Amino acid sequence: MKKERWEKLFEEMESSGVSNMALMPGANMFYMTGLRMGLSERPTLLVISREKAVSFIMPRLEAEKGQTVFEKLRNEGLDLDSRVEPYSDEEGPSGAFQRALSVTLGGTWSFENRTMRLLEYSLIRDAFGDLVWHDAGKIMKNLRMVKDEQEIQSMKKACALADKGADMARKLLAPGEIALDIVRVIEQRLKEEGAQSAGMALATGVDTAIPHAFVSRTPMKDGDLAWLDLVLSVDGYYADITRTYAVGTLDAELQRAYRIVLQAQENARLNAKPGMSGADVDALARDVIESYGYGEYFIHRTGHGLGLEVHEEPYIVSSNHLPLPVGSTFTIEPGIYLPGKGGVRIEDDVLMTGEGLISLTTYPRNLLDDDRLVV
């Protein structure tokens, strides 16, 4: 599987006119190598030349990991001029950068705008001199946006756990309970069931009017709204679900907002088709909310791509006019937020197929009236 990814990467570099690429520890490095590392004061960098010369610059104490990666790629039949350039704490990384970059090409570089630090950039400049560079995001987006079957299976496992988390919240929410206590219970149980990471916001009462509220700390009251925004990963792939709950009986305006968001979410989720753009799908949800006069209270995009990162391409937003490819995975999550009163958001993770969207999260969405499972 990694062999196919590398072959596509070299094709993308060629067609984009990119001579060299540098990948930082993070989602893109993991996608290409299977190696998951964090950032530290000891820089690690994967340097890729269009001519298939590939180097890991890494601390000596991590060097065996790099060697293992290259051995696995060779076993897959990938023909790379690969090397690990290690450095000790005493000598520092400068010499390793000099050695690794000595086999790269002149011409244009591709760096990750969102993750490369001045630390790595300065070491590259010192070793290579003046250079022209562009964001690696476009190339990696083209590789990562369409998920293969293995990736989809990992996401399905994550989404099944997310559904369980939504159900746990529903059973624990009640007047007098505190969201912070509920979150602790859900997080522990999900990790026991296989979630590699689990984080969540659970907003209650007027806090639900803030789209990025965290965890409420005041006891719930009868008539409160509550929403759980749960993110977790399995095999490095994420699920992201939001469900809104009624704690007791909501007043008429909150019930109206709930039903409008439900209708908007279903309209986008059930009617999105391949070939539509992110803007088209955003409009499917937004037009419903605007038709009821609540457009000014829908204050974020309809969704975002999902996979190795919680937010990645494609974005379901009015500025994205590119077609959504078959095999892409993203969220559908419209909302209405009434300041000082409460907010509603309903979010599912979906997969674009040749016929339309398949929902990877399937927990009931209408938790106001009944438990109908909308497919």
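One structure accompanies this document, and this report is about it. These numbers were taken from a predicted model, which means no experiment stands behind them.

## Considerations on the pairing of strand E7 (residues 197-204)
For a regular strand, side-chain orientation follows a simple rule: the groups alternate between the two sheet faces.
So, step 1. The buried fraction of E7 is high, at six of eight residues.
So, step 2. Examined bridge by bridge, E7 and strand E8 (residues 224-234) share eight bridges and lie antiparallel to one another. Considered in E8, the bridge of Leu-202 is made with Leu-228.

## Quick look at the pattern of salt bridges
So, step 1. Under the counting rule described, the total for this entry stands at 27 salt bridges.
So, step 2. As a salt-bridge pair, Asp-348 and Arg-365 come within 2.6 Å of each other at their nearest N and O atoms. On the criterion of sequence distance, the pair formed by Asp-348 in strand E15 (residues 348-352) and Arg-365 in the segment after strand E16 (357-359) is long-range, its members being 17 residues apart.

## Observations regarding unusual backbone geometry
So, step 1. In this structure, Pro-314 follows Glu-313 across a cis peptide bond, with omega equal to 0 degrees.
So, step 2. Looking at where Pro-314 falls in the secondary structure, it is placed in strand E11 (residues 312-316).
So, step 3. In this structure, Lys-52 takes a positive phi of about 70 degrees despite not being glycine.
So, step 4. You can see Lys-52 is positioned in the loop between strand E2 (45-49) and strand E3 (53-59).
So, step 5. For Lys-52, a relative accessible area of 38% translates into the label partly exposed.
So, step 6. Phi at Asp-235 takes a positive value of approximately 55 degrees, unusual for a residue other than glycine.

## Focus: the nonpolar core
So, step 1. In terms of nonpolar packing, the biggest core is built from 96 residues, with Trp-6, Leu-9, Met-21, Ile-48, Phe-56 and Leu-232 touching the most fellow members.
So, step 2. Broken down by element, this core gets its largest block of residues, nine residues, from helix H7 (residues 149-172).
So, step 3. Excluding residues that lie within four positions of it along the chain, Leu-9 makes contacts with Met-21, Met-32, Ile-48, Ile-139, Met-140 and Leu-143.
So, step 4. Listed in part, the 17 residues of the second largest apolar core include Ile-57, Ala-100, Leu-101 and Tyr-121.

## Overview of the packing of aromatic side chains
So, step 1. Per the counting criterion, the structure on display carries eight aromatic pairs.
So, step 2. Ring geometry for Trp-6 against Phe-10: centres 5.9 Å apart, planes inclined by 40 degrees, an arrangement best described as tilted. Here Phe-10 and Trp-6 lie together in helix H1 (residues 2-16), a separation of four residues that amounts to about one turn.
So, step 3. Trp-6 sits in the buried class, given a relative accessible area of 0%.
So, step 4. For Phe-10, a relative accessible area of 7% puts it in the buried group.
So, step 5. Clustering of aromatic rings is evident, with ring pairs tying together Trp-109, Phe-111, Tyr-121, Phe-128 and Trp-133.

Calculation notes
Residues numbered from 1 in each chain as written. Predicted model: local features only at pLDDT ≥ 70, side-chain atom pairs only at ≥ 80, totals over all residues. Heavy atoms only, no water. Buried < 20%, exposed > 50% of the residue type's maximum accessible area, 1.4 Å probe, protein only. Helix = DSSP H or I, 4+ residues; strand = E, 2+ residues; numbered from the N terminus. Pairing = 2+ DSSP bridges. Salt bridge = Lys/Arg side-chain N within 4 Å of Asp/Glu carboxyl O. Core = buried A, V, L, I, M, F, W, Y, C linked by side-chain atoms within 4.5 Å. Contact = heavy atoms within 4.5 Å. Phe/Tyr/Trp six-rings, centres within 6.5 Å; stacked < 30°, edge-to-face > 60°.

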